[in-house]
Amino acid sequence: MTTARPALDPELRELLADMPQMTQLSPDVLAQLRRLPSTPVEPLLAHRQVDRREVTVPAKDGVPIPLSVFSPANADRTTGAPCVYWMHGGGMVMGDRFSQIDIPLEWLDEFGAVVVSVDYRLAPEATGTALVDDCYQGLLWVAEHAAELGIDPARIVVAGASAGGGLAAGVTLLARDLGTPAIAAQMLICPMLDHRNASTSSRQYAGGPGVWTREMNEFGWRAVLGDLTDDEVPAYVSPALADDLSGLPTTYIDTGSAEVFRDEDADYATRIWAAGGQAELHVWAGGFHGFDTLYPQARISATARRTRTEWLARLLLPDCAT
């Protein structure tokens, strides 16, 4: 019997009708998707006054990890700017450091933030903790070069969407447990947090085509976990496994009511509250996975993006937030 699902937002439903959707991923389909042109960043920079710098940082095993650094041009480097450290989405298996980069670039515009995006290695070529370790090494580099980058080390926000949201959560746990670097906040946008894929919302979005289905999610997790058994999966890879969510920086989580990750995301916020932490949770009624990235022009998307920006304003610019 088909599990009933929350209805899509009417405007999103109309927009989504023209988009090809899939039920499952396979190695062949993934190879085809990876051959598609990557997100061009140049059109997003054309109307902005931005200095761009490309650097590489050694991973734990020495492999070079590319970082893109976007800074407001002509910024006063003597006063530290906030920093958004960005981890892209793509189910752990696709995408690059320019995927969904329009989201943090809005915060460069709004707050004069320096945006640093990391090109972590992808599964299945990289497995286990390799992806989150790549992201963590990039974050360490940012913190260590804060003065050079014109960054206020007390205002570093880690952020990501989908798989990137899960990696942001894992990096934040890792930084807490290792005691460095300091993270002011984590922004988790429809994050991929739980490899067990057993929630009600996961089961609701199985057995049919979608933007990101339970079957696609299973493929992504199998790719990154490799041969690990359930007992061997680290919480840094699947953050929902973390027994202790205390001591985390203030957290923003949003998700759609009509997507696979709804319940694991809501549960993560609930557990942060239970541990005495601060989290803001938004479940956008009728939103499917990645709705505001795919269709930023929709009313619900504009509202979701504006709400995130207003939350960051309260955090980063407390004296002038409205």
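Anything mentioned here points back to the structure above.
This one's a predicted model, so the numbers in the text were calculated from it and none came from an experiment.

Draft legend 1. The packing of aromatic side chains, seen in detail. In the structure shown here, the tally under the stated rule is two aromatic pairs. For the pair Tyr-252 and Trp-311, a centre-to-centre distance of 5.2 Å together with 55° between the ring planes defines the contact as tilted. Here Tyr-252, found in strand S7 (residues 250-256), pairs with Trp-311, found in helix H12 (residues 299-316); they are 59 residues apart in sequence, far enough to count as distant. With a centroid separation of 6.2 Å and an interplanar angle of 85°, the aromatic rings of Phe-288 and Tyr-295 are classed as edge-to-face. Assigned by exposure class, Phe-288 and Tyr-295 land together as buried.

Draft legend 2. Representation of the side chain of Arg-155 within the structure. Here Arg-155 is to be found in strand S5 (residues 151-161). Those residues in contact with Arg-155 that lie beyond four places of it in its chain are Gly-80, Ala-81, Pro-82, Cys-83, Ala-184, Leu-316 and Leu-317.

Draft legend 3. Looking closely at helix H7 (residues 163-178). Taking 1.5 Å per residue, 16 residues should reach 22 Å; H7 reaches 22 Å between its end C-alpha atoms and fits that length. In terms of burial, H7 is a largely internal element, 13 of the 16 residues being buried. Two residues or fewer after H7 comes Gly-179, characterised by a positive phi angle close to 80°.

Draft legend 4. Here's a closer look at the sheet that holds S5. Ordered by their spatial adjacency, eight strands build an open sheet running S1-S2-S4-S3-S5-S6-S7-S8, and the pairing between neighbours is mixed. Two strands in the sheet have a free side with no partner beyond their single neighbour: strand S1 (50-58) and strand S8 (279-284). Put simply, the sheet's adjacent strands are angled 15° from each other on average, direction ignored. One ladder, built from six bridges, connects S7 with S8; its direction is parallel. The residue bridging Gly-256 from the neighbouring strand is Trp-284, located in S8. Strands in contact with helix H4 (residues 102-111) are S1, strand S2 (64-72), strand S3 (81-87), strand S4 (114-118), S5 and strand S6 (185-189); relative to S3, the strand with the most contacts, it is inclined by about 175°.

Parameters at a glance
Chains are numbered independently. Their residues run from 1 in the order of the written sequence. Local features in this predicted model are restricted to residues whose pLDDT is 70 or higher, and side-chain atom pairs enter the listing and the counts only when it is 80 or higher, whereas totals over whole chains, interfaces and linings include all residues. The side-chain quantities take in all heavy atoms of the structure and omit both hydrogens and water. Classification of ring pairs uses Phe, Tyr and Trp, with its six-membered ring standing for Trp, and accepts pairs whose centres are within 6.5 Å; under 30 degrees between planes counts as stacked, over 60 as edge-to-face, and the remaining range as tilted. Segments assigned H or I by DSSP are reported as helices when at least four residues long, segments assigned E as strands when at least two residues long, and all are numbered from the N terminus. Accessible area is worked out with a 1.4 Å probe on protein chains only. A residue is then buried under 20% of its type maximum, exposed over 50%, and partly exposed in between. Residue contacts are counted whenever heavy atoms from the two residues lie within 4.5 Å of one another. By this rule the span expected of a helix is its residue count minus one, scaled by 1.5 Å. At least two bridges found by DSSP between two strands is the condition for calling them paired. An axis is simply a line fitted to the C-alpha atoms; with a helix, the fit covers only the stretch in contact. Between two such axes, the angle follows the N-to-C directions and lies from 0 to 180 degrees.

Keep in mind that these numbers describe shape and distance, not what the molecule does.
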